Each structure stands twice: as C-alpha cells, then as structure tokens.
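Take a look at the letters that make up each chain.
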Amino acid sequence: MPIIVNLDVMMAKRKMSLNELSEKVGLTLSNLSILKTGKAKAIRFSTLEAICQVLECQPGDILEFRDD
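Small disclaimer: the values here were computed from a predicted structure and weren't measured. (Residues numbered from 1 in each chain as written. Predicted model: local features only at pLDDT ≥ 70, side-chain atom pairs only at ≥ 80, totals over all residues. Heavy atoms only, no water.)

Visitor: An account of the nonpolar core is needed here, citing residue identities and associated values.
Guide: By size, the foremost hydrophobic cluster in this structure holds 17 residues, and its most contacted members are Leu7, Leu21, Ile51, Leu55 and Ile62. When contributions to this core are tallied by element, the ones reaching two or more residues are helix H1 (7–13), helix H2 (18–25), helix H3 (29–36) and helix H4 (45–55). If one sorts the elements of this core by residue count, H4 sits on top with five residues. In contact with Leu55, not counting residues within four places along its chain, are Leu7, Met10, Met11, Arg14, Met16 and Leu21. (Core = buried A, V, L, I, M, F, W, Y, C linked by side-chain atoms within 4.5 Å. Buried < 20%, exposed > 50% of the residue type's maximum accessible area, 1.4 Å probe, protein only. Helix = DSSP H or I, 4+ residues; strand = E, 2+ residues; numbered from the N terminus. Contact = heavy atoms within 4.5 Å.)

Structure representation (structure tokens):
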C-alpha cells in the first residue's frame, strides 16, 4: 500500500503511549491500534485533526505517500 502511517514514529518522538493518546484523542485503543499498524482503510479528518492537535504535528508527519 503506498500510504504509510507513521503514527508510531510521532508517538515515540512525543514519548506518548497508545493509552495516553487514546484518552486525549477520545478514540478506542483498538481503533488507534488499527491506524498505528497501517491496517486502517480510511481516517476521518476530525480524527486526524485531533491526533495532530495532541501530538502537535502536521498531517504529513503522520501520513506518507510512497510510490511503489
């Protein structure tokens, strides 16, 4: 899949656990885990916005396009 999710990288840079991010964003651990592992088929802009606010980053820091 050419869209790479770098959520784990941003969480490590911010020294934030999945549990902490889940609480601050208001998403379940299972939904964040699906996103973190790259198994998600879609993400809502509101979810992306909330994650970016909590991690103090840009959407491009979390999502990356790689042309295979």
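After that view, the rundown keeps rolling.
Visitor: Tell me about unusual backbone geometry, residues and numbers included.
Guide: Even without a glycine there, the phi angle at Lys15 is positive, about 50°. Within the secondary structure layout, Lys15 lies in the loop between H1 and H2. In this structure, Glu56 is a non-glycine residue whose phi angle is positive, near 50°. Note that Glu56 resides in the loop between H4 and helix H5 (59–62).

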